[in-house]
Amino acid sequence: MKISDLGEFGLISRIRKLSRGKTSSTLIGIGDDAAVLALSASHVMLVTTDILLEDVHFDLSYTDYYSLGWKAAAVNLSDIAAMGGSPRFCLTALGIPRRTSAEQVFEFYRGFNSLLHSQTASLVGGDTCSSGHGLFISVTAIGEAKPDVVITRAGARPGDRIFVTGTLGDSAAGLEILQMRNAPDRDIRGRAACGTRIEKSEIRNPKSEIERLIEKHLRPVPRVSEGRKLARSGCASAMIDISDGLSSDLLHISEQSRVGAELFADRIPLSSALQRMSTILSKMPVRYALEGGEDYELLFTVPEAKLKKLHSLKLPVTEIGAVTTGRTVKLVDAGGKKNLLQAKGYDHFRNSVVKKKKC
Ligand code: ADP
Ligand code: MG
């Protein structure tokens, strides 16, 4: 069997089956944003790890090393945030090509530590070797939480409302702009859908709105304090961070909670920068939100009885749908028409062309 037949998530599911046999301290193993391990009666440890690979997750022709370090830390801390925990420690393992200078590695760690210190976490170890191919980065993050406040992907119940923090799709649009700025002129014209011509000057225009989309892509800020508040207040029944795209990540909640969902397309929060750039890029802005990924916002469900409490927290959140019985996830358009939501987020093995996904 080819790995592409299974897809990324099918492969992980097989690995999970092959690795059964949790110890009594493993409260949650493979399958959520982070593992939850019992330390004592009053504390659990949250552990997560992510790989960033040159030319798969990032492209050094438009990513500076500081941003790369920042993002490597942010994507891991976002997984701790999605469980409602507090990040504490990180380990980094690097495979460094010989062409890399020491200053570039220092810049990576300046960015990495800057994000870590803003969240009162610190780097405590790792591993370093040379790489015959591209730059390889693996980060492990360790966090902590009280056992009764950890939020998994599995707690959503029919009737719960669906919320997201911030706005969605900005990161994917930022990536597209970076790729277009880098492309030869004729490619830019070729990329524009519906025959619209996009001039390179328009994409190069250093407007602050455009820069904001790019910044959201290169230096996302994980929603650590929001995740912690949602967990401690007891408002969220299930939670995940949006790394693969709203469509895929909502499907992860649906699968693990064994529920369906209705998502209202016209309620998905979109920034004005994304809406403006979408007209230039000739793509519906909601598509960036559904399929783009890498927003590192939190997607969570809230029982009706907890809605008042949620609003009292005054977090930057938007209600975008509701959890239903059954197992289907539907996208409801502005006219009330319902369509089955497909997982159109990124899958490392199903997407046939190696697409530069991140940074
Ligand atoms: P995220 O997008 O939140 O980082 P992933 O989709 O990468 O999550 O992973 C989903 C779950 O599968 C996590 O619990 C992760 O620890 C686990 N996982 C992913 N790859 C592997 C692997 N090769 N071996 C064991 N567990 C894995
Ligand atoms: Mg995650």
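Anything mentioned here points back to the structure above.
On a predicted model such as this, the values are computed, not experimentally measured, just so you know.

Caption draft 1: The coordination of the magnesium ion (ligand 2), seen in detail. The coordination sphere of the magnesium ion (ligand 2) contains the protein donors Asp33 (OD), Asp79 (OD) and Asp241 (OD), at a distance range of 2.0 to 2.1 Å. Along the chain, the residues donating to the magnesium ion (ligand 2) are arranged with the sequence spacing D-x45-D-x161-D. One end of the pair, aspartate 33, is in the loop between strand E1 (26-28) and strand E2 (35-38); the other, aspartate 79, is in helix H2 (residues 65-82), with 46 residues separating them in the sequence.

Caption draft 2: Quick look at the packing of helix H4 (residues 170-182) against helix H10 (residues 272-281). Relative to each other, H4 and H10 sit at 45 degrees, their axes nearing to 10 Å. Overall, the two elements H4 and H10 adopt an arrangement that is oblique. Handedness of the H4/H10 crossing: left-handed. Contacts between H4 and H10 pair Asp170, Ala173, Glu176, Ile177 and Met180 from the former with Leu274, Met277 and Leu281 from the latter. When its residues are assigned to classes, the contact of H4 with H10 shows six nonpolar, no polar and two charged.

Caption draft 3: Representation of unusual backbone geometry within the structure. A positive phi angle, near 70 degrees, is found at aspartate 55, a position not held by glycine. Looking at where aspartate 55 falls in the secondary structure, it is placed in the loop between strand E3 (44-53) and H2. For arginine 258, which is not a glycine, the phi torsion comes out positive at approximately 55 degrees. With respect to the helices, strands and loops of the structure, arginine 258 is situated in the loop between helix H9 (246-257) and strand E9 (260-264). Given a relative accessible area of 60%, arginine 258 falls into the exposed group.

Caption draft 4: Just the pairing of strand E6 (residues 136-145), in detail. Among the ten residues that make up E6, seven are buried, leaving the element largely enclosed by the rest of the structure. Judged from the ten bridges that link them, E3 and E6 form a sheet pairing that is antiparallel. Bridged to threonine 49 within E6 is threonine 140. As defined by bridge partners, strand E4 (residues 86-97) adjoins E6 across nine bridges and the pair is classed as antiparallel.

Caption draft 5: The arrangement of the sheet that holds strand E7 (residues 161-165) in detail. Spatially, E8-E10-E7-E11-E9-E12-E13 is the arrangement adopted by the seven strands of the open sheet, whose pairing is mixed. Each of the sheet's edge strands pairs with one partner strand only, and the pair in question is strand E8 (238-241) and strand E13 (338-340). In this sheet, neighbouring strand axes are inclined to one another by 25 degrees on average, regardless of whether the strands run parallel or antiparallel. In this structure, strand E12 (residues 329-332) lies alongside E13, joined through three bridges in antiparallel fashion. For leucine 331, the partnering residue across the bridge sits in E13 and is asparagine 339. Here helix H8 (residues 224-233) sits on the sheet and contacts E8 and strand E10 (298-302); the angle it forms with E10, its principal contact strand, is near 15 degrees.

Caption draft 6: Representation of the pattern of salt bridges within the structure. For the coordinates displayed, the defined rule picks out 17 salt bridges. The closest approach of N and O atoms between aspartate 32 and arginine 153, which form a salt bridge, is 3.5 Å. Within this pair, whereas aspartate 32 is found in the loop between E1 and E2, its partner arginine 153 is found in the loop between E6 and E7, the two being separated by 121 residues in sequence. On the basis of relative accessible area, aspartate 32 is assigned to the buried category, the value being 13%. By relative accessible area, arginine 153 is classed as buried at 12%. When the shortest N-O distance is used, the salt bridge between arginine 219 and aspartate 64 registers 3.6 Å. Highlighted residues: arginine 219 in the loop between helix H7 (208-218) and H8 and aspartate 64 in the loop between E3 and H2, separated in sequence by 155 residues. The partly exposed category is assigned to arginine 219, whose relative accessible area is 30%. Each of Lys216, Arg223, Glu226 and Glu297 takes part in one network of salt bridges that share partners.

Parameters at a glance
- Residues numbered from 1 in each chain as written.
- Chains lettered and ligands numbered in written order.
- Predicted model: local features only at pLDDT ≥ 70, side-chain atom pairs only at ≥ 80, totals over all residues.
- Heavy atoms only, no water.
- Donors = N, O, S within 2.8 Å, 3.2 Å for Na, K, Ca; no water.
- Helix = DSSP H or I, 4+ residues; strand = E, 2+ residues; numbered from the N terminus.
- Axes fitted to C-alpha atoms, helices over the stretch in contact; angles between N-to-C directions.
- Parallel < 35°, antiparallel > 145°, perpendicular 65-115°, else oblique.
- Left-handed = near helix turned anticlockwise from the far one by under 90°.
- Contact = heavy atoms within 4.5 Å.
- Nonpolar A, V, L, I, M, F, W, Y, C, P; charged D, E, K, R; others polar.
- Buried < 20%, exposed > 50% of the residue type's maximum accessible area, 1.4 Å probe, protein only.
- Pairing = 2+ DSSP bridges.
- Salt bridge = Lys/Arg side-chain N within 4 Å of Asp/Glu carboxyl O.

Limitation: the analysis is restricted to geometry and does not speak to function.
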